[in-house]
Amino acid sequence: MERTFAIIKPDAVERKLAGKILARIEEKGFTIAGMKKIQLTRKQAEGFYYVHNERPFFNDLCAFMSRSPVIVLCLEKENAIADWRTLMGATNPANAEPGTIRKDFAVNIEENSSHGSDAPETAAFEIPYFFSALELV
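Remember, it's a predicted structure, so these values are computed and weren't measured experimentally. (Residues numbered from 1 in each chain as written. Predicted model: local features only at pLDDT ≥ 70, side-chain atom pairs only at ≥ 80, totals over all residues. Heavy atoms only, no water.)

S.K.: Sorry if this is basic, but what is going on with the side chain of His115 here?
M.R.: Structurally, His115 is set in strand S4 (residues 114–116). Of note is the side chain of His115, whose polar atom sits 3.0 Å from the side chain of Glu126. (Helix = DSSP H or I, 4+ residues; strand = E, 2+ residues; numbered from the N terminus. Polar contact = N/O pair within 3.5 Å; in protein donor to acceptor, adjacent residues only side chain to side chain.)

Below, the structure is given as structure tokens:
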């Protein structure tokens, strides 16, 4: 069993798409081991996305992620990281496959409705950034 981290981003929460995204997650066989709705501070967003701090999009990304609530999730299943990334689709929704979350719900490449860990090492950082062991079942 593998765990991955996911975020339903502000653009999707604002447009009341969380229920549809959660339904797709469960339909694809993921177990939701942890879930909460939170409002990130700018400082929390900067800490989470610190790996991008030298990139030109860093400030816009942190402003976007802290503008309104998000839903953070710990998802579990065999091959969870790769399967979640497939379900999300390409980062740029214009390049995403039909039926993926980003193709169906994203506004644009910046407001692309979802985030997911890209490797076991990333998940190992991202999950405990938002969840204590007691919050995961």
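S.K.: Whenever I open this one, the pairing of strand S3 (residues 70–77) confuses me. Can you help?
M.R.: Moving residue by residue along a regular strand, the side chains alternate between the two faces of the sheet. Within S3, 8 of the 8 residues are buried, leaving the element largely enclosed by the surrounding structure. Side chains Val70, Val72, Cys74 and Glu76 of S3 all project onto a buried face; the interleaved residues Ile71, Leu73, Leu75 and Lys77 project onto the opposite face, where all are buried too. Bridge analysis of strand S1 (residues 2–8) against S3 gives 7 bridges, and the strand direction is antiparallel. Of the residues in S3, the one forming a bridge with Ile7 is Val72. (Buried < 20%, exposed > 50% of the residue type's maximum accessible area, 1.4 Å probe, protein only. Pairing = 2+ DSSP bridges.)

S.K.: What is the right way to read helix H2 (residues 18–27) from this model?
M.R.: Structurally, the α-helix is built with 3.6 residues per turn, so residues lying three or four positions apart point the same way. Turning to H2, its buried residues are Ala18, Ile21, Leu22, Arg24 and Ile25. Relative to the axis of H2, the buried residues are bounded by an arc of 155° and lie together on one face. Turned more than 90 degrees away from the buried face of H2 sit Gly19, Lys20, Glu26 and Glu27, all of them exposed. Structurally, H2 contributes buried residues whose contacts are with S1, helix H1 (10–14), strand S2 (31–38), S3, helix H5 (80–88) and helix H6 (101–105). (Arc of directions from axis to C-beta. Contact = heavy atoms within 4.5 Å.)

S.K.: Before we go on, may I ask you to explain the nonpolar core in this structure?
M.R.: Grouped together as the largest cluster of nonpolar side chains are 21 residues, with contacts concentrated most on Phe5, Ile7, Tyr49, Met65, Val72, Phe130 and Phe131. When contributions to this core are tallied by element, the ones reaching two or more residues are S1, helix H3 (42–48), helix H4 (58–65), S3 and helix H7 (120–130). Top contributing element to this core by residue count: H4, with 5 residues. Those residues in contact with Val72, other than ones at most four positions away along the chain, are Phe5, Ala6, Ile7, Gly34, Met35, Lys36, Ile38, Phe130 and Phe131. (Core = buried A, V, L, I, M, F, W, Y, C linked by side-chain atoms within 4.5 Å.)

S.K.: Whenever I open this one, the packing of aromatic side chains confuses me. Can you help?
M.R.: According to the stated counting rule, one finds 10 aromatic pairs in the structure shown. Ring centres 5.2 Å apart and planes at 5° place the aromatic pair Phe5 and Phe130 in the stacked group. Residue Phe5 is found in strand S1, and its partner Phe130 is found in helix H7; the two are separated by 125 residues along the sequence. For Phe5, a relative accessible area of 0% gives the class buried. Ring centres of Phe30 and Trp84 lie 6.2 Å apart, and the angle between their planes is 85°; this geometry places the pair in the edge-to-face category. Placement of Phe30 in the loop between H2 and S2 and of Trp84 in helix H5 is noted, with a sequence separation of 54 residues between them. Grouping aromatic residues by their ring pairs yields a cluster made of Phe5, Phe48, Tyr49, Tyr50, Phe125, Tyr129 and Phe130. A cation sits over an aromatic face here: Lys77 above Phe30, 5.0 Å from the ring centre. (Phe/Tyr/Trp six-rings, centres within 6.5 Å; stacked < 30°, edge-to-face > 60°. Lys NZ or Arg CZ within 6 Å of the ring centre and 35° of its normal.)

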